[in-house]
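One-letter residues, chain by chain:
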Amino acid sequence: MAVRRVVPNVQSEAVPESREFYGLLGFEEVMNHGWIMTLASPSSPAAQISFMADDKTAPVTPDLSVEVDDVDAAYAVMRASGAEIVHPLQDEEWGVRRFFVRDPNGRVVNVLGHR
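An unreviewed UniProt entry annotates the protein as VOC family protein originating from Streptomyces fildesensis.

Below, the structure is given as structure tokens:
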């Protein structure tokens, strides 16, 4: 299993203002589903930050997202370790397979892979 990228998720009620602010630093919008918007650096596309009001299909808003090349393997590892699964592994309508797990600091991590 390999990590492809790590993206901080900022809970926000000021998404348009965040787009404008981070645009001043060179970020550009690469995804916007209404409830989540992701900005990325054009020169380094894996450098990203997401802003969300609430997660559309999960009970909590994750603190960060970790994209892996094999989300099923990551899920198996986390379950075998006894980590707290906050949101079960499932396919989402916007093209990702994901689950949420709580880290030792209490942070919720969205572990995902694109389908």
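This is not the end of the story, as more comes after the structure.
1. As for the overall build of the protein
Check the secondary structure of the protein and you find 2 helices and 8 strands. Its C-alpha radius of gyration of 14 Å places the protein within 12% of the 13 Å reference for a compact globule of 115 residues. A principal-axis box enclosing the C-alpha atoms of the protein has dimensions of 45 × 30 × 25 Å. Counting only residues that meet the buried cut, the protein has 38% of its 115 residues in that class. Counted over contacts in the protein with a minimum sequence separation of 6, partners at least 24 positions apart contribute 47%.

2. Quick look at the sheet that holds strand S1 (residues 3-11)
Strands sit in the order S2-S3-S4-S1-S5-S8-S7-S6 across an open sheet of 8 strands; the sheet is mixed. Strands with a single pairing partner mark the edges of an open sheet, and in this sheet they are strand S2 (28-32) and strand S6 (85-91). Between one strand axis and the next, the sheet turns through 25° on average, direction left out of account. With 4 bridges joining them, S6 and strand S7 (residues 96-102) adopt antiparallel strand pairing. The partner of His87 across the bridge, within S7, is Phe100.

3. Observations regarding the nonpolar core
Counting residues in hydrophobic clusters, the biggest one holds 10 residues: Val66, Val68, Val71, Ala74, Tyr75, Leu89, Phe99, Val101, Val109 and Val111. Those elements that provide at least two residues to this core are strand S5 (64-68), helix H2 (71-81), S7 and strand S8 (108-114). Every residue in contact with Val109, bar those within four places of it in the chain, is listed here: Leu64, Val66, Phe99, Phe100, Val101 and Asp103.

4. Examining H2
All of the buried residues along H2 are Val71, Ala74 and Tyr75. End-on, the buried residues of H2 take up no more than an arc of 100°, which puts them together on one face. For H2, the secondary structure elements touched by its buried residues are S5, S6, S7 and S8. Where H2 begins, the capping side chain belongs to Asp70, and its oxygen is found 3.3 Å from the backbone nitrogen of Asp72. Immediately beyond the C-terminal end of H2, within one or two residues, lies Gly82, with a positive phi of roughly 85°.

Cut-off values and rules
Residues numbered from 1 in each chain as written. Predicted model: local features only at pLDDT ≥ 70, side-chain atom pairs only at ≥ 80, totals over all residues. Heavy atoms only, no water. Helix = DSSP H or I, 4+ residues; strand = E, 2+ residues; numbered from the N terminus. Rg over C-alpha atoms; globule rule 2.2 N^0.38 Å. Buried < 20%, exposed > 50% of the residue type's maximum accessible area, 1.4 Å probe, protein only. Contact = heavy atoms within 4.5 Å. Pairing = 2+ DSSP bridges. Axes fitted to C-alpha atoms, helices over the stretch in contact; angles between N-to-C directions. Core = buried A, V, L, I, M, F, W, Y, C linked by side-chain atoms within 4.5 Å. Arc of directions from axis to C-beta. Polar contact = N/O pair within 3.5 Å; in protein donor to acceptor, adjacent residues only side chain to side chain.

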